[in-house]
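Residue-level structural notes
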Amino acid sequence: MPHFTVVPVKDQAQSSYDSLEGVNWVDYRDTGQDYPDHQDTVSSDGHGNHKEDSPFLSSTDAASKKNDFYDKNLALFEEELDIRPKVSSLLSRLVSYTNITQGAKEHEEEESAQASRRKTPKSPNMGTLMGVYLPCLQNIFGVILFLRLTWIVGMAGIMQSLLIVLMCCSCTMLTAISMSAIATNGVVPAGGAYFMISRSLGPEFGGAVGLCFYLGTTFASAMYILGAIEIFLKYLVPQAAIFHATDPPGSDSAMLNNMRVYGTICLSLMAVVVFVGVKYVNKLASLFLACVIISIVSIYAGAIKSMTHPPEFPICMLGNRTLVRDRFDVCAKTVIKGNITVPSQLWDRFCLPGNMSSAQCDDYFIQNNVTEIPGIPGLGSGIIRENMWGDYLQKGDILEKPGLQSVDAHGAMENFGMYVSADIATSFTLLVGIFFPSATGIMAGSNRSGDLRDAQKSIPVGTILAITTTSLVYFSSVVLFGACIEGVVLRDKFGDAVRKNLVVGTLSWPSPWVIVIGSFFSTVGAGLQSLTGAPRLLQAIAKDNIIPFLRVFGHGKTNGEPTWALLLTGLIAELGILIASLDMVTCYLFFLMCYLFVNLACAVQTLLRTPNWRPRFKYYHWALSFLGMSMCLALMFISSWYYAIVAMGIAGMIYKYIEYQGAEKEWGDGIRGLSLSGARYALLRLEVGPPHTKNWRPQLLVLLKLDEDLHVKYPRLLTFASQLKAGKGLTIVGSVIQGNFLDSYGEMQAAEQAIKNMMEIERVKGFCQVVVASKVREGVVHLIQSCGLGGMKHNTVVMGWPYGWRQSEDPRAWKTFINTVRCTTAAHLALMVPKNVSFYPSNHERFTDGNIDVWWIVHDGGMLMLLPFLLKQHKVWRKCKMRIFTVAQMDDNSIQMKKDLATFLYQLRIEAEVEVVEMHDSDISAYTYERTLMMEQRSQMLRQMRLSSAERQREVCFLDQSNVRRMHTAVKLNEVIVNRSHDARLVLLNMPGPPRNTDGDENYMEFLEVLTEGLERVLLVRGGGREVITIYS
């Protein structure tokens, strides 16, 4: 397979991952050509995202183009070779694909920015052993194995300890299987788990989990530093303690203060080392790994040697209670000095000064014997039977050996410090949380994918082998500890019973110092690795530009070192140091969150069967991923349910922040595929039939007009749509460009972008569709017919009023308007025409009073009732009152009509004032005749030209009567409406239908003008022929 060349690439303005998504950079070093301008191959979509201008690699220089064009074997394709390169050209560019790694290697090579540009790129040459297996071993083995595993075995017993190890290692193994599938599904350039999750589940999940993984790694560095300081102060140099307790109960607080001081100093020194250069960390990594391996081997050697020669670590017992061994010299009540029996130091500790007969002693001390038992009975002693089951303790409980005789007597509290006691309350769930960090670190191989010779082979094999090795070590260590070490010593966390020795060190061979020194260096090394990796992970997230406030952390030194990210990491790690307790630093929850989403990513991709999902690693299954995901979730709540809720809350807040504020990214992630599958399922369900009246809401098709510069002519149409919808339901914004599709494609894209920008400004959540047609009216008909998909289609059309139609010599504007009215009627769609739309309020205005008046003249399915209710849900119209007017004729009972209407509105649960307006029959006024005459004169010439003399006389007579009658209605209605609603914030009015005879179209426009004259804001409404509101629940 081809090997990818690692080339240091200067990347400032754009995310390194964006440049890796498409093959934008080509290494021209071999041909002696310069790098092409980056802007030639990458364009921007207006949101800060870079995308390729074509789905193929950019072509080379003019010479290569010329050769391509005149290739005789490809003459059939010669006109396309400038955008569709030959396969040989494609492959040559893939070989030169530059892979930017997040790890430390390129930073080490870029210590001098000037020199690094002149370096010849080296091919990645690390194999499975050095590139994945050993780094994973180093990251997985850590502080818990040396400082806490013996204590976990003592508290939980061998059986439950094996269960804890099995749960944690199974979780990481299942995660490793999922990770292997993702890591082998194409090139994983950098970022490790963050890159895999973000590119599989999208930027929201990727950013949330990436930051959780960053926090976990940062707190892990604090945990390792605390472990190193605990080894330093407890076992290496105890006299270095600054704070000392004056009484035994205060020893814990003094120890915590010492940990804080030394931890802060150690963190500062490590941060300086990382800042100076990661090459020192890399060079020390081999030494630290050797320390870990030597320490583990010494444990096995000591366990084997204990079969024949167990080490001498006697424990002093008073009754069945364990004594702190370094507070006295001889394990006896009395000693013989020169044939005289005198009190021992132990006697002096429990008794007041005086001779042995009259001394006042502790009751428990007097009634129980002092005995000495071996702390390490050895592998052949049979102690394994006693250590098989757990013995959980509460805080302050004294460590007791069940098999020893003891007289239960009350002891004095001042002597409590002589006994070894539990420093914290223990339970199975607590021990799971304490042990789990020792199973983490499985991502070390995927983080180094850019340095591997064959990443798709090395990552699965190396990671799974490393987890298998560490799991076997943990399982065998649990059994060996339980089979070799006395139970009270196992439960002794700090080795007080064995003269302050590290408990695991008492078993090691040839000396306890092998473990003490080895574990100290291994924890320091692990802390350095975490402190090195965490800032780079934060830098990777910052460079992806998905979280705006993190952008500053994407910058660093000239060689790429993440200086600002390192500073933030140090501050967060300091918070962990201030906690000061190794058992309380809960970094594992963030790792569990990360592992959970790695499993989710694999499961989603597998179930969706995305065409691009073709992992080389075949031994995965979606069921295993779901099992791993379930185990991660279970472990989170088993170990600490309240911290689990906090961790999930943090991830949830980051997710919502990225979704609301972050930059939009299209990474071909699985969540988009999941959304597509969900949308397809929902659309197929919607196909069953039209929605019930209770679920009916206006699904809008907003028809916009663009000016010559492709700007939206009436943006208030979009404002009105956003106020009516309030983010609910479907909104499609459509427009028509007149012309030929082949010639106007670019113009169409520009128009779409202009409309999308305006939709964003007006906060309209919906879709945009622009069509190119030879005639505008044909384009409008196409939009009405074809917009939407399946059951998700528009049921209401919103269009603007054709202003200036009287003055315009071109009748196409108002003819298109009337044609659209006819088309919506034919398609059984509702229609809304906001007149004087420029006077409509913006989204920033608020009406503090006023009325929305509804003039209900004919029943149109209830649209006139529903629209004001929907408008009043928006903050602009919320404080307006609703009034409903209906018209009564002479033969109607207006009083009964008002009662019936009030009852109807009550059943509809709509609050509104009701008024019935009586319109008496009256003679047609002179004003009506005058308006009709004006209208007739404008169109008389056209009619006269089209009619014969006989038809002309009949038609004129007919038209006169019809138009006069309609004009009379328009004038009378307008008088009533203006009289009652002249100060209304909005008037909703039934829109009369256009005449069946198209010759009267111009008159129809005049009728509508007369009907709405004198009103500031009018919404003409025409129903779609179905009921849209109901009184039933």
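Residues numbered from 1 in each chain as written. Predicted model: local features only at pLDDT ≥ 70, side-chain atom pairs only at ≥ 80, totals over all residues. Heavy atoms only, no water.

Topic: the overall build of the chain
Which entries qualify depends on this criterion: In this description a helix means any DSSP run of H or I spanning at least four residues, a strand means any run of E spanning at least two, and both kinds are numbered starting from the N terminus. Residue contacts follow a heavy-atom distance rule, with two residues in contact if any of their heavy atoms lie within 4.5 Å. Here, Shrake-Rupley sampling with a 1.4 Å probe gives the accessible areas, and only protein chains in the shown set may cover a residue.
When helices and strands are counted, the chain shows 35 helices and 17 strands. In the chain, 81% of the contacts between residues at least 6 apart in sequence involve partners at least 24 apart. When the accessible area of the chain is evaluated, it comes to approximately 48300 Å², of which 57% is carbon and sulfur surface.

Looking at the nonpolar core
Note the threshold: The definition of a nonpolar core used throughout is a set of buried Ala, Val, Leu, Ile, Met, Phe, Trp, Tyr and Cys residues joined through side-chain atoms within 4.5 Å. Exposure categories follow from relative accessible area, calculated using a 1.4 Å probe and restricted to protein chains: below 20% of the type maximum is buried, above 50% is exposed, and the middle band is partly exposed.
In this structure, F435, F436, M443, Y474, F481, I485 and F597 are the most contacted members of the largest nonpolar core, which totals 166 residues. Setting aside chain neighbours within four positions, we find F435 in contact with I144, L149, I152, I164, V165, C168 and Y474. W856, L864, L867 and V1021 belong to the second-largest nonpolar core, a separate cluster that totals 55 residues.

Considering a positive patch on the surface
As a reminder, the rule being used: For patch detection, residues must exceed 30% relative accessible area and be free of salt bridges, and they are connected within 9 Å for like charges or within 5 Å for nonpolar side chains (Val, Leu, Ile, Met, Phe, Trp, Tyr). Salt bridges are counted wherever a side-chain nitrogen of Lys or Arg sits within 4 Å of a carboxyl oxygen of Asp or Glu. When charges are counted, Lys and Arg are positive and Asp and Glu negative, with His and the chain ends excluded. Charge coordinates come from a single atom per side chain, which is NZ of Lys, CZ of Arg, CG of Asp or CD of Glu.
Together, R763, R846, K875 and R878 make up a region of like positive charge exposed at the surface. Within the secondary structure, K875 is located in the loop between α31 (863-871) and β14 (881-888). On the accessibility criterion, K875 (36% relative accessible area) is partly exposed.

Brief notes about the packing of aromatic side chains
Heads up, the condition is: Only centres within 6.5 Å qualify two rings of Phe, Tyr or Trp (six-membered ring in Trp) as a pair; their planes then separate them into stacked at under 30 degrees, edge-to-face at over 60, and tilted for everything else. A ring is considered to have a charge above it if a Lys NZ or an Arg CZ atom is located within 6 Å of its centre and within 35 degrees of its normal.
One pass over the structure, following the stated rule, counts 28 aromatic pairs. When the centroid spacing of 6.1 Å and the interplanar angle of 20° are considered together, the rings of W856 and F904 count as stacked. Remark: F904 occurs in helix α32 (residues 894-907) and W856 occurs in strand β13 (residues 851-856); sequence separation between them is 48 residues. Residue class for F904 comes out partly exposed when judged on its relative accessible area of 26%. An aromatic cluster is present here, built from W347, F350, Y364, F365 and Y419 joined pairwise through their rings. Over the aromatic face of F494 sits the side chain of K234, whose NZ or CZ is 4.0 Å from the ring centroid. Between K333 and the ring centre of F365, over which it is positioned, the NZ or CZ distance is 4.7 Å.

A closer look at unusual backbone geometry
Of note, the amide linkage connecting W509 to P510 takes the cis form, showing an omega dihedral of 10°. Even without a glycine there, the phi angle at K500 is positive, about 60°. Of note, K500 is situated in the loop between α19 (487-490) and α20 (503-507). The backbone of R909 sits at a positive phi, close to 60°, despite the residue not being glycine. On the secondary structure map, R909 appears in the loop between α32 and β15 (913-918). Judged by relative accessible area, R909 falls into the exposed class, the value being 55%.

What to know about the side chain of S530
Within the element layout of this structure, S530 appears in helix α21 (residues 512-543). Non-local contacts of S530, meaning those with residues more than four positions away in its chain, are made with T217, A220, S221, Y224 and P535.

Things to note about the sheet that holds strand β11 (residues 796-799)
The pairing of strands in a sheet happens through backbone hydrogen bonds and is either parallel or antiparallel. Inclusion rule: For two strands to count as paired, DSSP must find a minimum of two bridges between them. For helices, the fitted line uses only the C-alpha atoms of the stretch in contact; every axis is such a line through C-alpha atoms, and the angle between N-to-C directions lies from 0 to 180 degrees.
The sheet built from ten strands is open, its strands ordered β10-β9-β8-β11-β12-β17-β16-β13-β14-β15 with mixed pairing. One side of each edge strand has no neighbouring strand; the edge strands of this open sheet are β10 (767-773) and β15. Taken over all neighbouring pairs, the strand axes of this sheet differ in orientation by 20° on average, direction set aside. Two strands pair when backbone bridges link them, and strand β8 (residues 700-703) and β11 are joined in this way by four bridges, in the parallel orientation. Residue pairing across strands places V702 opposite V798, the latter belonging to β11.

Points about the state of the cysteines
Applied cut-off: The disulfide criterion used throughout: a pair of cysteine sulfur atoms within 2.5 Å.
Under the defined criterion, the tally for this structure stands at two disulfides. Two residues share a disulfide in this structure: C316 and C331, whose sulfurs sit 2.0 Å from each other. Taking the sign of the torsion about the S-S bond as the criterion, the disulfide between C316 and C331, at about 85°, is right-handed. Of this pair, C316 sits in strand β3 (residues 314-318) while C331 sits in the loop between β4 (321-322) and β5 (334-337), and the two are 15 residues apart along the sequence. Among the residues examined, C316 registers a relative accessible area of 0% and is labelled buried. Between the sulfur of C351 and that of C361 lies a disulfide, 1.9 Å long from S to S. Judged by the sign of its S-S torsion, about 110°, the bond between C351 and C361 is right-handed. Taken together, the residues span a long stretch of sequence, with C351 in the loop between α14 (345-350) and α15 (363-367) and C361 in the loop between α14 and α15 at a distance of ten residues. With relative accessibility at 18%, the residue C361 sits in the buried group. In the chain, numbering the disulfide-bonded cysteines from first to last in sequence yields the connectivity 1-2, 3-4.

Focus: the environment of F521
Relative to the helices and strands, F521 resides in helix α21. Separated by 290 residues in the primary sequence, F521 and I231 have C-alpha atoms spaced 10.0 Å apart.

So, the environment of E1027
Structurally, E1027 is set in the segment after β17 (1018-1022). A sequence separation of 334 residues divides E1027 from T693, and the C-alpha atoms of the two residues are 6.5 Å apart. Those residues in contact with E1027 that sit more than four places away from it in its chain are T693, H859 and G861.

A closer look at helix α27 (residues 716-725)
Of all ten residues that make up α27, nine are buried, and the element is covered over most of its length. Turning to α27, its buried residues are L717, L718, T719, F720, A721, S722, Q723, L724 and K725.

Quick word on the confidence of the model for the chain
Put simply, the rule is: Think of pLDDT as the predictor's per-residue confidence, scored from 0 to 100.
Of all residues in the chain, 78% attain a pLDDT of 70 or more, and the chain-wide mean is 79. Confidence, expressed as mean pLDDT per element, reaches its minimum in the chain at helix α1 (residues 16-21) with 36 and its maximum at helix α9 (residues 149-183) with 93.

What about helix α16 (residues 428-435)?
For α16, every residue scored as buried is listed here: L431, V432, G433, I434 and F435. Elements that come into contact with the buried residues of α16 comprise α8 (143-147), α9, α18 (455-484), α23 (588-608) and α24 (622-639).

Overview of the pairing of strand β9 (residues 731-738)
Test applied: If the strands point away from the viewer and the path from the first strand over the helix to the second runs clockwise, then the crossover is right-handed.
In terms of residue burial, β9 counts as a mostly covered element, since seven of its eight residues are buried. Relative to β9, β8 is paired through four bridges, and the arrangement is parallel. When the sheet's bridge partners are listed, L701 is paired in β9 with I732. Relative to β10, β9 runs parallel, the two sharing seven bridges. Bridge assignment links S735 to a residue of β10, and that residue is V770. As a crossover connection, the stretch from β9 through helix α28 (residues 741-761) into β10 is right-handed.

Structural notes on a nonpolar patch on the surface
There is a patch of nonpolar side chains on the surface, built from L633, F637, W641, Y642, Y643, I645 and M648 and spanning about 680 Å² of accessible area. With five residues, helix α25 (residues 641-661) is the single largest residue contributor to the nonpolar patch. Position of I645 relative to the elements: it lies in helix α25.

Quick notes on the sheet that holds strand β7 (residues 370-374)
Here three strands make up an open sheet; going across it, the order is β4-β3-β7 and the pairing antiparallel. Of all the strands in the sheet, the pair left with one neighbour each is β4 and β7.

Notes on the packing of helix α29 (residues 776-786) against helix α30 (residues 812-826)
As a reminder, the rule being used: Here the angle decides the label: under 35 degrees means roughly parallel, over 145 means roughly antiparallel, 65 to 115 means roughly perpendicular, and every other value means oblique. We call a crossing left-handed when the near helix sits turned anticlockwise from the far one by less than a right angle, and right-handed when that turn is clockwise. Polarity classes work like this: nonpolar for Ala, Val, Leu, Ile, Met, Phe, Trp, Tyr, Cys and Pro, charged for Asp, Glu, Lys and Arg, and polar for all others, with Gly in that last group.
Relative orientation of the contacting elements α29 and α30 amounts to 25°, with a least axis distance of 10 Å. Classified by the angle their axes make, α29 and α30 are roughly parallel. Crossing geometry of α29 relative to α30 is assigned as right-handed. For the pair α29 and α30, the contacting residues are V776, R777, V780, V781 and I784 in the first and T816, N819, T820, C823 and T824 in the second. Looking at the contact of α29 with α30 residue by residue, the classes come out as five nonpolar, four polar and one charged.

Points about the environment of F847
Within the element layout of this structure, F847 appears in the loop between β12 (830-835) and β13. Judged by its relative accessible area of 7%, F847 is buried. Distance in space between the C-alpha atoms of F847 and W877 is 6.0 Å, their sequence separation being 30 residues. Ignoring any residue separated from it by four or fewer positions in sequence, one finds F847 in contact with P841, V876, W877, K879, C880, R985 and R1017.

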